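# Observations on chain architecture
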Amino acid sequence: TDAGDAFGRWWTSRDDVDSREQMDERVDDFFETLRLEASDAVIVVGHSLWFQHAVRRLCLRAGSRAFVEREKDAARALTSEKIGNCACVGLALAFDAATGEASLEDAAFLLGGGEAE
């Protein structure tokens, strides 16, 4: 499937569900796109459950260990609780120079109550 295709069927049907491996691949592709983006700041809009999966995947990486240990409550909330509707969360990412792998350096609620639901 070509993500840039505006004419072909790019969505999944109502009865179609992504596997864990497909979700992981989608998240990894997303972070690779961010890494290659020429901008220092990117605004992303998305579904709370997708965001939760993406942050959970980040938190499992060795490069995110310092954030997870320092911000245990925030890491737990961002990886296991629904983020409120219209909430805004800022993430500071780092990309390993050798592998390009993304890791989480910091996270903060910017708008939307300051906590997960």
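Just so you know, these numbers come straight off a predicted model, no measurement behind them. Per chain, the residues get numbers from 1 upward, laid out in the order the sequence is written. Where totals are concerned, whole chains, interfaces and linings use all residues; where local detail is concerned, this predicted model gives features only for residues with pLDDT of at least 70, and gives and counts side-chain atom pairs only at 80 or more. By convention in this description, side-chain values take in all heavy atoms of the structure and omit both hydrogens and water.

## Some points on the packing of aromatic side chains
- Pairing of aromatic rings covers Phe, Tyr and Trp, the last counted by its six-membered ring, and requires centre-to-centre distances within 6.5 Å; plane angles under 30 degrees mean stacked, over 60 mean edge-to-face, and any other angle means tilted. In this structure the tally under the stated criterion is two aromatic pairs.
- Arranged with centres 5.3 Å apart and planes meeting at 65°, the rings of F30 and F31 form a pair that is edge-to-face.
- The class for F31 is buried, based on a relative accessible area of 5%.
- With centroids separated by 4.9 Å and ring planes inclined at 90°, the aromatic side chains of F30 and W50 adopt a geometry described as edge-to-face. Taken together, the residues F30 in helix 1 (residues 20-36) and W50 in helix 2 (residues 48-59) connect sequence positions 20 residues apart.
- We classify F30 as partly exposed; its relative accessible area is 22%.
- The rings of F30, F31 and W50 are connected pair by pair, giving a single aromatic cluster. Buried means the residue's accessible area, taken with a 1.4 Å probe over protein chains only, is under 20% of the maximum for its type, while exposed means over 50%, and partly exposed covers the values in between. Secondary structure elements are taken from DSSP: a helix is a run of H or I of four residues or more, a strand is a run of E of two residues or more, and numbering for both begins at the N terminus.

Functional significance is not addressed by these values, which are geometric in nature.
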